[in-house]
Amino acid sequence: MQTLKERLLAHFEISEKEWAGLNGPAFSNGIPLLTKKEEDFDHAFALLEKIKKEKGRILVYGDYDCDGVMSTSIILRTLREYGVEASGYLPSREKDGYGLTEENVIKIAKAQYQAIFLCDNGVSQFSAIDLAKKLNLDVLVLDHHTLPSTLPKSDILLHPSVQEYGDIPVSAGFYAYLFSRKLLKKDDFYLRALAALSTISDVMPLKKYNRTLVKEMLEDFENDKIPEFIPFMGKEEGRTEEEISRFIIAKINALGRMDEGKMNRLLLLFANREQEVPIIQYLDKINEEKKEETNRVLLSLKSSEKEPAIAEILESKPGIAGLIANRLLEEKGKPCAIFVKKNGNLVASIRTGNFFSAIDFLKHLPFMPLAFGGHSGAAGCTIKEEDFEIFKKEFLYIAIKSSLNETVEEKYIPLSRKECTLENMSLIRSFAPFGEGWKNPTFSIGPFFREELTFVKEGKYLSFSLPSRVRFFSFQIGEEAFSQKKKISLIGKLKEQRFKGHIQETFFIEKIAPHLG
């Protein structure tokens, strides 16, 4: 039988040599990869130098999700350190909508700003950018969303595809960090940490330079170099990518989704590095309200289980629609388009995962959406209410056409109970961080007999430890699941827990299966 390392290498389809160099060169030793069109950055730097000499003011205009918050914070701190007078603005999902608007351009011009620096938006804001140019505003765009066939007429367009950066997608926060590093000619571990947050939040492939970025952030966090993160997490929470997503990113996104008008307080925390404990406590409250609203809306959904996709109009806030679509895609295994009503139109959050490209679908609709944008697996659009039935018909059709009902057999890595040692747990964790394109592997662990297992909470939850101190726990599996005493395997993932300063490697069990060994 193969060793555990050999099984892990086979699962991730890499060689031992590739595994040894998995994390790539450290950012502290230089930028891992330069763009093929460096002159675009030079043009941006020249424009900033001109604005600085003229004592002009720049408004950094971002977005209401975590990537928008991080990229805006990075650029805002960078411009101020460079010597440019700069302010930041994070729009309201409800009041402003996505991206720069003509109404806000007029306000920016009246406030006597000389330039607008768009972060995590801009490639599809044609009319707003055209108006800004007519009002003699300089416009810099730093975005990473799918490029339209026609590019905006901004003075500067910084985009991974335009500059031909790398061979895997990056977040706006990553590109903002790259911009900062080139402009200031130094590595700032704090800005690098913000870029890593955006990489996780925007579900970028966790490979190569993305992986290096996230891994270095986790190491800095573990070594208490990023105190701004601690109030989000609590002293007893873990320092893994999963906890970062759950305790920091989810709370930031909750504020944008629930639209409480306090987005710009986040710039005090992340751009100014002020200890904004009150806003963090408020985020906890908003995050709980988001969870309650999401569960309420999910219970009201009445889509047919027989349909190959879900396209529905629900009563909720636009921000909640994205959460609903994410949950349904994960739980139902179907692409989803969740609409809510806004200003007489319908606004959708679309999640298609790997089934088909959401953005390509929107481009080929038999009618033109009022607005749309996004990525292959996640996109958004605004349509007229009378166009919904056409949209739904086309959405279900492409779902059928894409053979969405085919099931893909999940791959389990076999693990004998004798191999459940702390040394092997460390080996598994050495393949972390896990994320998009590099998923936390699922193990089939056994054999076990029913009488060897113990349960807590009156038999509701599986919970036991082996003599090797490796723990097993499950919220899904209780005593009633074990009616027979045959040999079984436990199916689950290894996750790191922290309790009173101690790290406990725990297999979280998702289901049971007959043992085949």
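Please read all numbers here as calculations on a predicted model, not as lab measurements.

S.K.: Quick one: what's the story with the sheet that holds strand β2 (residues 85-89), residue by residue and with numbers?
M.R.: Strand order in this open sheet of 5 strands is β2-β1-β3-β4-β5, and the pairing throughout is parallel. Edge positions in the open sheet fall to β2 and β5 (156-158), since each of these has one partner strand only. In this sheet, neighbouring strand axes are inclined to one another by 15° on average, regardless of whether the strands run parallel or antiparallel. Examined bridge by bridge, strand β1 (residues 57-61) and strand β3 (residues 115-119) share 4 bridges and lie parallel to one another. Looking across to β3, one finds that Y61 is bridged to L118. Running over the sheet, helix α6 (residues 126-134) touches β3 and β4 (138-142) and is turned about 150° from β4. Set on the sheet, helix α7 (residues 172-184) makes contact with β3, β4 and β5; between it and β4 the angle comes to about 120°.

S.K.: Explain the pairing of strand β10 (residues 378-384) residue by residue, including any values.
M.R.: What you see with β10 is a clean split: A379, C381 and I383 sit on the buried side and A378, G380, T382 and K384 on the side with no burial. Pairing of strand β8 (residues 345-351) with β10, which is carried by 7 bridges, proceeds in the antiparallel orientation. By the bridge assignment for β10, R351 is matched with A378. Hairpin connection from strand β9 (residues 371-374) to β10: 3 residues lie between these consecutive antiparallel strands.

S.K.: How would you summarise helix α9 (residues 208-222) if you had to cite specific residues and measurements?
M.R.: The first and last C-alpha atoms of α9 sit 21 Å apart over 15 residues, in line with the 21 Å expected at 1.5 Å per residue. Extensive coverage of α9 is indicated by the burial of 11 of its 15 residues. Taken together, the buried positions of α9 are occupied by Y209, N210, R211, T212, L213, V214, E216, M217, L218, D220 and F221. In the segment just after α9, D224 is the residue with positive phi, at about 60°.

S.K.: Outline the packing of aromatic side chains, supporting the account with residue identities and numerical values.
M.R.: The relative placement of two aromatic rings is captured by the distance of their centres and the angle of their planes. This model, assessed by the stated rule, comprises 33 aromatic pairs. Taken together, a centroid distance of 5.3 Å and an interplanar angle of 85° make the contact between F339 and F388 edge-to-face. With F339 in strand β7 (residues 336-342) and F388 in helix α16 (residues 388-401), this pair connects stretches of sequence that are 49 residues apart. F388 matches F339 in its accessibility class, with the two residues each being buried. With a centroid separation of 5.3 Å and 85° between ring planes, the pair formed by F361 and F391 is classed as edge-to-face. Of this pair, F361 sits in helix α15 (residues 358-363) while F391 is found in helix α16, placing the two residues 30 residues apart along the sequence. Among the aromatic side chains, those forming a connected cluster through ring pairs are F27, F41, F45, F117, Y165, F174, Y175, Y177, F179 and Y209. Stacked on the ring of F221, the Lys or Arg R239 has its end atom at 4.7 Å from the ring centre. Over the ring of F508 we find K495; its NZ or CZ atom is 5.7 Å from the centre of that ring.

Each value, and the rule that gives it
- Residues numbered from 1 in each chain as written.
- Predicted model: local features only at pLDDT ≥ 70, side-chain atom pairs only at ≥ 80, totals over all residues.
- Heavy atoms only, no water.
- Pairing = 2+ DSSP bridges.
- Helix = DSSP H or I, 4+ residues; strand = E, 2+ residues; numbered from the N terminus.
- Axes fitted to C-alpha atoms, helices over the stretch in contact; angles between N-to-C directions.
- Contact = heavy atoms within 4.5 Å.
- Buried < 20%, exposed > 50% of the residue type's maximum accessible area, 1.4 Å probe, protein only.
- Expected span 1.5 Å × (residues − 1).
- Phe/Tyr/Trp six-rings, centres within 6.5 Å; stacked < 30°, edge-to-face > 60°.
- Lys NZ or Arg CZ within 6 Å of the ring centre and 35° of its normal.

Nothing here speaks to function; it is geometry throughout.
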